[in-house]
Amino acid sequence: MGYNNADTLLLYALDNYFDLSRPQEQLARDRLRNLLEWHRATQLHGYADLIEAVSRRIGGGVTPDDVLAFNLEMNRRLLHTGEQAAPDLAALALTLQPAQLERAARKLVEEDAKARREVSGNNASFEHRLERAVERAEEWFGSVSPPQQALIRAAIVRRPESEQWWANEREQRRTDLLKVLQRIQHEHPAPDVAAGWLCEYLAQLTEPLDPERRARMTEYRRGNAELIAALVDAASAEQKAVLLKKLQGYAEDFTVLATDTGTRSRPAPARNRAPRSHALEEVGEGAAHLQPLRSVLQHDGQPIVLAEHMTDRRGVDDRPAMDLPELRCVEFRE
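This structure is a prediction, so every number in the text was calculated from the model and none was measured.

Moving on, we come to the environment of T175. Note on placement: T175 falls in helix 8 (residues 162–187). Along the chain, T175 and V109 lie 66 residues apart, while their C-alpha atoms are 9.6 Å from each other.

So this is what it looks like as structure tokens:
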């Protein structure tokens, strides 16, 4: 696993986008190390408990509402991590120069163009999407039966524009983050104010203020939850055994990581947290969801601790599996 090296991986990603100066690099290194220590000490056992709770549900049947509940709980936990990270992100953002933000903007434009080409190319074909979705299900169940393939096929048919929707949503999130960073650079507010702006951005990743975006996201989550529940309920005893073994492996990994400090033996530091925004209060009081455990890990080499602005370039609209991370230190995604 790359969790023990998450601070180094995240620092590499930050430098790739912003070409950090040496003082900025040291600031980011120190803040990321402390954030990872806090995350290890306070969050990983909770992830293990959440996975074990999901495992107990599988034997008795899983409903779409169960999946959505897990999704909500995972979002709540990730928002908590975002709140914890916000002062650190703000401290770095306050040091960024216009040229660094311009560099990041150029890179985002290049990546968005590449993603658009992939969405409009062969990867967007129905058969390719079906093949990819079946492969993801096989990662969790070991194999996929013909009835399960039919469920996946029907889900893709019902959501023909989901990849295009995700491409639009992904670009909007990245644009919104860049606007927040530019606002911080331009107005240079107090650190706690900058942290509050970042908290508001993070909260809107799961609950956008725009009614149309929020409705589409809700529709996507419901469709994904229905597919996940249907696949689990259609699974054979052998498939469920494979799924439970995989989930148990993740729970054990989180438990080990929570106690294995490696070279980072210092206690998790006490830190001041940014004020909770109104949006965070509303989302943070929720309960549970079958979502990827996307906290301080990375996804496709992008820093998820910066939230969902740089996420999966493969697309997840048709992901039929439990949508937990493949713990390669690079998994994160809604």
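What follows deals with the nonpolar core. One broad trend across soluble globular proteins is that nonpolar side chains are buried collectively. Within the largest apolar cluster, 39 residues are counted, with the highest numbers of intra-cluster contacts made by L44, F141, I152, V232, L243 and L247. Those elements that place two or more of their residues in this core are helix 3 (44–58), helix 4 (64–93), helix 6 (126–141), helix 7 (146–158), helix 10 (211–233) and helix 11 (237–259). Judged by nonpolar contacts, the second largest core, of 36 residues, contains F18, A28, L35 and L92.

Attention shifts here to the packing of aromatic side chains. In total, this model carries four aromatic pairs according to the counting rule given. On the basis of an interplanar angle of 75 degrees and a centroid distance of 5.5 Å, the ring pair of Y47 and F254 is categorised as edge-to-face. Pair noted here: Y47 is in helix 3 and F254 is in helix 11, with a separation of 207 residues, a long-range link. Per residue, the accessibility class of Y47 equals that of F254, and both read buried.

Right, let's get into helix 6. Helix length check: helix 6 (16 residues) gives 22 Å between terminal C-alpha atoms against 22 Å at 1.5 Å per residue, within 8%. Restricting attention to buried positions, one finds in helix 6 the residues R129, L130, R132, A133, V134, R136, A137, W140 and F141. For helix 6, the secondary structure elements touched by its buried residues are helix 7, helix 8, helix 10 and helix 11. Positioned one or two residues after helix 6, G142 has a phi angle of 85 degrees, which is positive.

Its identity is not glycine, yet D19 carries a phi of approximately 50 degrees, on the positive side. Take D19: its relative accessible area is 44%, and that puts it in the partly exposed class. One non-glycine residue with positive phi stands out, namely H188, at about 45 degrees.

Right, let's talk about the pattern of salt bridges for a bit. Enumeration over the complete set of coordinates arrives at 18 salt bridges. Measuring nitrogen to oxygen at the nearest pair gives 2.6 Å for the salt bridge that ties E25 to R29. Taken together, the residues E25 and R29, both in helix 2 (residues 22–42) and four residues apart, mark about one turn of the helix. Exposure remark for R29: the relative accessible area of 27% places this residue in the partly exposed category. Close ionic contact of E219 with R216 constitutes a salt bridge, the shortest N to O distance being 3.7 Å. With E219 and R216 both in helix 10, this residue pair falls three residues apart, about one helical turn.

Cut-offs used in this document
- Residues numbered from 1 in each chain as written.
- Predicted model: local features only at pLDDT ≥ 70, side-chain atom pairs only at ≥ 80, totals over all residues.
- Heavy atoms only, no water.
- Helix = DSSP H or I, 4+ residues; strand = E, 2+ residues; numbered from the N terminus.
- Core = buried A, V, L, I, M, F, W, Y, C linked by side-chain atoms within 4.5 Å.
- Buried < 20%, exposed > 50% of the residue type's maximum accessible area, 1.4 Å probe, protein only.
- Phe/Tyr/Trp six-rings, centres within 6.5 Å; stacked < 30°, edge-to-face > 60°.
- Expected span 1.5 Å × (residues − 1).
- Contact = heavy atoms within 4.5 Å.
- Salt bridge = Lys/Arg side-chain N within 4 Å of Asp/Glu carboxyl O.

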